[in-house]
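Coordinate analysis (summary)
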Amino acid sequence: MNTVAPPRLPAAVLWDMDGTLVDTEPYWITAEHELVEEFGGRWSHEQALQLVGNPLLVSAEVLREAGVGLEPEQIVARLLDRVVAQVRRSVPWRPGAVELLTALRDAGVPCALVTMSYTVLADEVVARGPADAFSAQVTGDRVSRGKPHPEPYLAAAAQLGVEVARCVAIEDSPTGIASAVAAGARTLGVEAVVPVPHLDGLSRAASLAQVDLAAVARIGAGEVLDLTAGAAPAAG
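Residues numbered from 1 in each chain as written. Predicted model: local features only at pLDDT ≥ 70, side-chain atom pairs only at ≥ 80, totals over all residues. Heavy atoms only, no water.

Take the overall build of the protein chain next. Each helix and strand counted, the protein chain has 9 helices and 7 strands in total. Its C-alpha atoms put the protein chain at 70 × 35 × 30 Å along the principal axes. A buried classification covers 52% of the 236 residues belonging to the protein chain. Surface exposure of the protein chain reaches about 10,500 Å², of which carbon and sulfur atoms provide 51%. (Helix = DSSP H or I, 4+ residues; strand = E, 2+ residues; numbered from the N terminus. Buried < 20%, exposed > 50% of the residue type's maximum accessible area, 1.4 Å probe, protein only. Areas by Shrake-Rupley, 256 points an atom, 1.4 Å probe, with all protein chains shown as cover.)

Before going further, it helps to spend a moment on the sheet that holds strand 7 (residues 226-227). Read across the sheet, 7 strands follow the order 3-2-1-4-5-6-7 without closing on themselves; strand pairing throughout is parallel. With one partner strand each, in any of the chains shown, strand 3 (136-138) and strand 7 form the two edges of the open sheet. Note that strand 1 (residues 12-15) and strand 4 (residues 167-171) share 4 bridges and pair parallel. Note that in strand 4 the partner of Leu14 across the bridge is Ala169. Each of strand 1, strand 2 (111-114), strand 3 and strand 4 touches helix 7 (residues 151-160); the most contacted strand, strand 3, lies at about 160 degrees to it. (Pairing = 2+ DSSP bridges. Contact = heavy atoms within 4.5 Å. Axes fitted to C-alpha atoms, helices over the stretch in contact; angles between N-to-C directions.)

Attention now moves to helix 7. Every α-helix winds through 3.6 residues per turn, so residues three or four apart in the chain are directed the same way. For helix 7, the complete set of buried residues consists of Glu151, Pro152, Tyr153, Ala156, Ala157 and Leu160. Along its buried surface, helix 7 packs onto strand 1, strand 2, strand 3, strand 4 and helix 8 (174-183). Once helix 7 ends, the next one or two residues include Gly161, with phi positive near 75 degrees.

Moving on, we come to helix 5 (residues 97-106). Every buried residue of helix 5 is accounted for by Ala97, Leu100, Leu101 and Leu104. The arc enclosing the buried residues of helix 5, seen along the axis, measures out at 100 degrees, which places them on a common side. What points out from helix 5, more than 90 degrees from its buried face, is the exposed set Glu99 and Asp106. Considering only its buried residues, helix 5 is in contact with strand 1, strand 2, strand 4 and helix 9 (213-220). Just downstream of helix 5 lies Gly108, where phi reads positive at about 80 degrees. (Arc of directions from axis to C-beta.)

On to the pairing of strand 2. Here strand 2 shows no split at all, with Cys111 and Leu113 on one side and Ala112 and Val114 on the other all buried. Two strands pair when backbone bridges link them, and strand 1 and strand 2 are joined in this way by 3 bridges, in the parallel orientation. What sits directly across from Leu14, in strand 2, is Ala112. As paired elements, strand 2 and strand 3 share 3 bridges and run parallel to each other. Bridge pairing links Val114 to Val138 in strand 3. In this region the chain leaves strand 2, passes through helix 6 (residues 119-127) and returns to the parallel neighbour strand 3; the handedness of that crossover is right-handed. (Right-handed = clockwise from strand over helix to strand, strands pointing away.)

Counting 53 residues, the largest nonpolar core has Val13, Trp15, Leu21, Leu121, Ile170 and Val211 as the members making the most contacts within it. The biggest single contributor to this core is helix 4 (residues 72-89), with 7 residues. Sequence-distant contacts of Val13, defined by excluding residues within four places in its chain, comprise Leu104, Val109, Pro110, Cys111, Ala112, Val168, Ile170 and Val216. Core analysis: the next-biggest nonpolar cluster, separate from the first, contains 20 residues, Leu160, Val162, Cys167 and Ala183 among them. (Core = buried A, V, L, I, M, F, W, Y, C linked by side-chain atoms within 4.5 Å.)

Cis geometry marks the peptide bond from Lys147 to Pro148, where omega comes out at 15 degrees. With a phi angle near 60 degrees, Asp132 is a residue other than glycine that sits in the positive phi range. Along the polypeptide, Asp132 turns up in the loop between helix 6 and strand 3.

A few words now on the pattern of salt bridges. Applying the stated rule across the entire model yields 13 salt bridges. Ionic pairing is found between Glu38 and Arg82, a salt bridge with its closest N-O pair at 3.0 Å. In this pair, Glu38 is assigned in helix 1 (residues 25-38) and Arg82 in helix 4, connecting sequence segments 44 residues apart. Overall, Glu38 belongs to the partly exposed group, its relative accessible area being 46%. (Salt bridge = Lys/Arg side-chain N within 4 Å of Asp/Glu carboxyl O.)

A word on the environment of Ser59. Mapping Ser59 onto the fold places it in helix 3 (residues 56-65). By relative accessible area, which is 5% here, Ser59 ends up buried. Counting along the chain gives 166 residues from Ser59 to Leu225, while the straight-line C-alpha distance between them is 32 Å. Among all residues touching Ser59, those that are not within four sequence positions of it are Leu51 and Asn54.

Bear in mind that shape data such as this cannot, by itself, settle questions of function.
Given below as structure tokens:
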């Protein structure tokens, strides 16, 4: 009897960090609230959600408009200090993230971290994750154009020496998804603090706990998966 070979794993997996790999968005939102209130302003949860996935200097300009009387670089530094301090106390891994990272590493699939957070925070998260999980790192302080521009994902693929079209990107925010899709990566959107949009060609999941190596291989091969309705993970 003829059998169909399972899809091959992608050349690499490119990971967003905040909201995707680690649940640090609440850390950022708390830091924003504290900073705005320190300067006598008011900051709503809805305003905070608008910043999810943005380059930090872009978010800093919005916070200045909300009354924070500092230069953008100073705002970024203050936010980073607060979030890094919280990560050092506890890394809030997203469900299924460590397991998938470990499985990819053990299967020999290189991974890159692609985040608009700065290196100081990315280093803290990587150091507390599975050993040797990441082969490359692209951060917001090392690109000239942040998400939603495709540069971060193109840079990550270049660092790994692979074609971006042969990579799977994992994101949570519309801004990050736009960046990965524009770069040409097969993209999986995982729900976090903001809804994952319905887009042609975009795979979706309610949680990384639904995503295993077989699902990653299927996405990399061009299949569009939708696991948001609670579907069981792909058989592996």
